[in-house]
Amino acid sequence: MAPEHPPAGGKCEEKRPTANALAFEERYEENLFALYEDILRREYKIGRSVCFIVDKPVKREIFAADFRDRIVHHLLFNWLNPVFEPHFIKDSYSCRKGKGTSAGVRELGSFIRSCSENHIKECWVLKLDIEGYFMSIDRAILHTKIERKLRALKNPPFDLDTAFYLLRLVAFNNPTTNFVMRGTREDWRGLPKSKSLFFAASGKGFPVGNLTSQLFSNIYLDDFDHFVREELGVRRYGRYVDDMVFIHSDKEAMKALVPKIGGYLRDSLGLKLHPKKLYLQEARKGVSFLGTFLKPWRTYIGRRTKRNLYAKLTEWNILAKESGGLGQEGITSFFASINSYLGMLSHYDTFKLRSKVVARICGQILRDVAFSSDLSKASAKALMALIIFAGIGIATSSLASAQSAYFFSSGTATSTNLLAGRSAVAITSFYYNLSSLPGDSSVTIQFSQNGTSWYSSAGVLGGSDTLSTLSGASVSLSALSWSGASFYYKITMNATSDYTQSPVMRSVRLDYTPATGYGHMLAVDSTTGYMAVGGGGAGASQLSVLGGATFGSNYFTSTTTNGILVEGNVGIGTT
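Residues numbered from 1 in each chain as written. Predicted model: local features only at pLDDT ≥ 70, side-chain atom pairs only at ≥ 80, totals over all residues. Heavy atoms only, no water.

Novice: Please explain the side chain of Asp-242 as it appears in this structure.
Specialist: Looking at the secondary structure, you find Asp-242 in the loop between strand E6 (237–240) and strand E7 (243–248). Although buried, Asp-242 forms no salt bridge, and the nearest oppositely charged side chain, Lys-195, lies 6.3 Å from it. In contact with Asp-242, not counting residues within four places along its chain, are Leu-128, Asp-129, Ile-130 and Tyr-133. (Helix = DSSP H or I, 4+ residues; strand = E, 2+ residues; numbered from the N terminus. Buried < 20%, exposed > 50% of the residue type's maximum accessible area, 1.4 Å probe, protein only. Lys, Arg positive; Asp, Glu negative; His and termini not counted. Salt bridge = Lys/Arg side-chain N within 4 Å of Asp/Glu carboxyl O. Contact = heavy atoms within 4.5 Å.)

What follows is the structure, encoded as structure tokens:
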């Protein structure tokens, strides 16, 4: 239900103003000192918040503090959190360093395995939720808890009087009396009254979105956490904000907890258990917790998260198809959002889901995007495959770079020394297999013996050769009259404006007459794209770097011994 009208001090605006943040940062030092002086003189006043509704992952009312006030919130957090952190139980997961939703899910899985002896015995899961938690926190009770704790400190590392002054201002601030509304009152339709500060009881409620609100929520339930652990004797208990989970082998014991918990919350904190969010189930049937669904030995992502992800994919696809792409700003937003989802999904058993997500992304987006091999991250796509960086992957310390799944639309690749450990009597030619060169793309190459001075094949310092022949060609290096134990190349690709195709260099090879050993120290198979580095005699050690799952052409000897195989997608083994 929407508020009947914005309270006094509120007005409607379509966009959230950012001028205050920009103005503060423009004269950052001056404004910080002014804020410092206001606090010292006890003249600091909390500014106007921005109020709006978000719909994902669930519908919520947000009060975003003024930039200046957020600095004060961080100051308070930095003072208060170290005081309370040591007293929080280990299994309180919200807004704590090293905790979070993933830690909560892992601990729940550990609790269940421990209780059920690895899913053999019966194990019961009780989940409880507090109705309208943030809007029901009593400010006076919270203030008393914090003040009592601070007064008990010996030699605090901050000024107590200033802490008390700021704490009182923040704890008793009611943002509904001084705010700017972004959007319209219609945005509040469908939001329960228990989740809106506009309907909170007098003296109760904290805004969702402020850093101090997160800390206050942990402090408010800290004594309750110890009551559960120490007085009720529940060892397997965890909490994320107001989402509580209890694990026990005895169903009746779980049922007996509910009235005791409800009584403590009501009598000590003025809170009420949500009557429609009581869950008691045997663990083997599956448990939904913090956006995931836990089954024996595996964890899946929750349905709501999947729905939100697919809905977001639909939005991106529609925008990209209508506009012919996402544009620079859009693709930046896409990376931030998709990597947030993929990063979260990668913690759980979701490779098939990640594969489906990638498969649903339209071609107008995929042409600019590449994914890591495990589909846990997206980044800007290459318009040239990294096989052209063959020389970069020769040094064993750089093998990871040669196997990278990240690409760039255009740029320059400089090899390492292709003749490392070898000596050439004459360097004769450089073979390349350019399989795609669309539109107005261009590919040029330069050569060097010291990695500093670069020449064209004709020996012109600063010159370059344009590579344009498809399906394989050689650049003669005889005019350079080079020999010795060092050789570098630098390939530059300039991206095409025709994004439907990409320039692709399938393979490269250096041809030379060796002082000892074989004629191809470095070779890349022109058909498969596999790269190999050879040894100095029949059966000697060889290093092969593959782009796929099976070994390609052997340029050295029919006998393969003591070789090391490094596969781009598999790992390290021997061949």
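More follows now that the structure is in view.
Novice: Would you explain the packing of aromatic side chains in this entry?
Specialist: Within a pair of aromatic rings, the relevant descriptors are the distance that separates the centres and the angle that separates the planes. Tallying each qualifying case throughout the model produces 19 aromatic pairs. An angle of 15° between the planes, with centres 5.2 Å apart, marks the rings of Trp-79 and Phe-158 as stacked. Taken together, the residues Trp-79 in helix H3 (residues 67–84) and Phe-158 in the loop between helix H6 (139–151) and helix H7 (160–171) connect sequence positions 79 residues apart. Pair check on accessibility: Trp-79 and Phe-158 agree, each one buried. Grouped by ring-pair contacts, the aromatic residues Phe-430, Phe-447, Tyr-455, Trp-482, Phe-487 and Tyr-489 constitute a single cluster. Taking the ring centre of Tyr-165 as reference, the NZ or CZ of Arg-42 above it sits at 4.8 Å. Sitting over the face of the ring of Phe-52, Arg-182 holds its NZ or CZ atom 4.0 Å from the ring centroid. (Phe/Tyr/Trp six-rings, centres within 6.5 Å; stacked < 30°, edge-to-face > 60°. Lys NZ or Arg CZ within 6 Å of the ring centre and 35° of its normal.)

Novice: Can you walk me through a positive patch on the surface in this structure?
Specialist: Together, Arg-60, Lys-195, Lys-277, Arg-303, Arg-304, Lys-306, Arg-307, Lys-352, Lys-356 and Arg-360 make up a positively charged patch on the protein surface. A total of 4 residues in the positive patch trace back to one element, the largest contributor, which is helix H11 (residues 303–323). Along the polypeptide, Lys-195 turns up in the loop between strand E5 (179–182) and helix H8 (211–220). (Patch = residues over 30% accessible without salt bridge, like charges linked within 9 Å, V, L, I, M, F, W, Y side chains within 5 Å. Areas by Shrake-Rupley, 256 points an atom, 1.4 Å probe, with all protein chains shown as cover. Charge placed at Lys NZ, Arg CZ, Asp CG, Glu CD.)

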